[in-house]
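# Structure assessment
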Amino acid sequence: MLIPPFFSIVVINLNNAQGLRLTLDSVRLQTFREHEVIFVDGNSTDDSLKIAEEYSSIVTHQIVGQDNGIYNAMNIGIDKAEGKYILFLNSGDRLYDSSVLLSVFQLVNDSQVYPLVFGYAEINSEQDTWLFPPERFTSNPSLLDYWLTRREPNHQATFFPSSFCKNNRYDESLKIIADKKFKRCALSILAYQFLNKPVASFELGGTSNKIKNLKHVRQFISDYQRYYLIKNDKSIKDTFLFFTASTKIIFKFFAQKFIGESFWNLIKFMRNYPIA
């Protein structure tokens, strides 16, 4: 009888062959070998599938052309996962170094109940690199508790217990912020452990970072409306959070449009992110 893997790494891809190679390379270099890779591809037309074949020694499951968007692809990955923990990576995301999986395993291996685990994410813009969350919060458990009431760790740097994922799937009615809802649900249910090291590295420009146009802004606001307001027990606080989130996304769109890359440098300076 085969021993199930400790980690299930779900890799989501669509026409990003170069990024996929970076992602799979970072997984192949891991010193901790008790993991599986579930590759979910949205029917790519570039060289992605050829690259996945090159990494057949680590790609355990390959599902091509069966998903209906990124969150459906993540749910497909959850269905296939056999590990105790699930990590979701988009093509182009990289595990920070070869010891990441080993570090997480050592942190949680003696746990009676598996907690949510997250560490730093290394964020790369065209001009700079920094770590998230800010160190001023992670250095103090009470401050980190407070920070987690307002923000969420990066998806790429978060390991979710498989049992949680299988009982709390991504809400596919949300087109952009289903990962936010997923993380908030996890934080409300699970204890957490912070791993004091970088876990993943990624480039700015993903769906939740880059606001492309006014249609994209409207989709964000529609998601926020569904997330905060379409429920029977909505409160004044929910309404306030909806308007706050919507205002921030409008500001973010115009800031990116008119000051470009400097927007991220401004955010980094204002929030005092540690340099990687």
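In this report, we go over the structure that sits alongside the text. (Residues numbered from 1 in each chain as written. Predicted model: local features only at pLDDT ≥ 70, side-chain atom pairs only at ≥ 80, totals over all residues. Heavy atoms only, no water.)

What follows covers the environment of Cys165. If you trace the backbone, Cys165 turns up in helix α7 (residues 162-167). In this structure, the C-alpha to C-alpha distance between Cys165 and Tyr85, residues 80 residues apart in sequence, is 9.0 Å. With residues up to four places along the chain from it excluded, the contact list for Cys165 reads Ile78, Ile86, Phe88, Phe160 and Phe182. (Helix = DSSP H or I, 4+ residues; strand = E, 2+ residues; numbered from the N terminus. Contact = heavy atoms within 4.5 Å.)

Most of helix α3 (residues 70-80) sits out of view: eight of its eleven residues are buried. Listing the buried residues of α3 in full gives Tyr71, Asn72, Ala73, Met74, Asn75, Ile76, Gly77 and Ile78. Looking at the buried side of α3, the elements it contacts are β1 (7-13), β2 (35-41), β3 (59-64), β4 (85-90), α7 and α8 (178-189). (Buried < 20%, exposed > 50% of the residue type's maximum accessible area, 1.4 Å probe, protein only.)

A separate point is the side chain of Glu36. Relative to the helices and strands, Glu36 is located in strand β2. For the buried residue Glu36, which engages in no salt bridge, the nearest side chain bearing the opposite charge is Lys166, 7.6 Å off. A distance of 2.8 Å separates the side chain of Glu36 from the backbone nitrogen of Glu82, its partner in a polar contact. (Lys, Arg positive; Asp, Glu negative; His and termini not counted. Salt bridge = Lys/Arg side-chain N within 4 Å of Asp/Glu carboxyl O. Polar contact = N/O pair within 3.5 Å; in protein donor to acceptor, adjacent residues only side chain to side chain.)

On to the side chain of Ser246, then. For Ser246, the location among the structural elements is in helix α10 (residues 236-259). With relative accessibility at 6%, the residue Ser246 sits in the buried group. Those residues in contact with Ser246 that sit more than four places away from it in its chain are Ile221 and Tyr224.

Within the secondary structure, Phe132 sits in strand β7 (residues 129-132). Spatially, the C-alpha atoms of Phe132 and Ala157 are 9.5 Å apart, while their sequence positions differ by 25 residues.

Let's shift gears to the pattern of salt bridges. Side chains carrying opposite charge are able to pair once their charged atoms draw close together. The final tally for this structure, using the stated rule, is eight salt bridges. For Asp25, the salt bridge is made with Arg28, and the minimal N-O distance between the two is 2.9 Å. Pair noted here: Asp25 and Arg28 are both in helix α1 (residues 17-28), with a separation of three residues, about one helical turn. By relative accessible area, Arg28 is classed as partly exposed at 39%. The shortest N-O distance in the salt bridge between Arg184 and Glu152 comes to 2.8 Å. Separated by 32 residues along the polypeptide, Arg184 in helix α8 and Glu152 in the loop between α6 (141-150) and β8 (158-161) bring together distant segments of the chain. Residue classification places Glu152 among the buried positions, given a relative accessible area of 12%. In the salt-bridge network here, residues are joined through shared partners; they are Glu152, Lys180 and Arg184.

This paragraph deals with unusual backbone geometry. A cis amide bond, omega 5°, links Phe132 with the succeeding residue Pro133. Tracing the sequence through the fold places Pro133 in the loop between β7 and α5 (135-138). Phi at Asn15 is positive, roughly 55°, even though this residue is not glycine. Assessed through its relative accessible area of 37%, Asn15 is described here as partly exposed.

Within the largest apolar cluster, 80 residues are counted, with the highest numbers of intra-cluster contacts made by Phe7, Phe88 and Phe159. Broken down by element, this core gets its largest block of residues, six residues, from strand β6 (residues 116-124). Among residues more than four places away in sequence, those in contact with Phe159 are Phe7, Tyr85, Ile86, Leu87, Val100, Leu101, Val104, Pro115, Leu116, Val117 and Val199. (Core = buried A, V, L, I, M, F, W, Y, C linked by side-chain atoms within 4.5 Å.)

Here the focus is the state of the cysteines. One pass over the structure, following the stated rule, counts zero disulfides. Cys165 takes part in no disulfide bond, and the closest cysteine sulfur, belonging to Cys185, lies 10.0 Å away. (Disulfide = S-S within 2.5 Å.)

What follows is about the environment of Tyr96. Structurally, the position occupied by Tyr96 is in the loop between β5 (94-95) and α4 (100-108). With relative accessibility at 35%, the residue Tyr96 sits in the partly exposed group. Residues contacting Tyr96, with those up to four places away along its chain left out, are Glu122, Pro198, Val199 and Ala200.

Another point: the packing of aromatic side chains. Considering all chains together, one arrives at 23 aromatic pairs under this definition. Each ring, one from Phe7 and one from Tyr85, has its centre 6.4 Å from the other, and the planes form 40°; the classification is tilted. Taken together, the positions of Phe7 in strand β1 and Tyr85 in strand β4 put the pair 78 residues apart, joining distant regions of the chain. For the ring pair Phe88 and Phe182, a centre distance of 6.3 Å and an interplane angle of 90° mean the geometry is edge-to-face. Here the residue Phe88 occupies a position in strand β4, and Phe182 occupies one in helix α8, the gap between them amounting to 94 residues. As far as burial versus exposure is concerned, Phe88 and Phe182 are alike and both buried. Members of the aromatic cluster, connected to one another through ring pairs, are Phe6, Phe7, Phe32, Tyr85, Phe105, Tyr114 and Phe159. (Phe/Tyr/Trp six-rings, centres within 6.5 Å; stacked < 30°, edge-to-face > 60°.)

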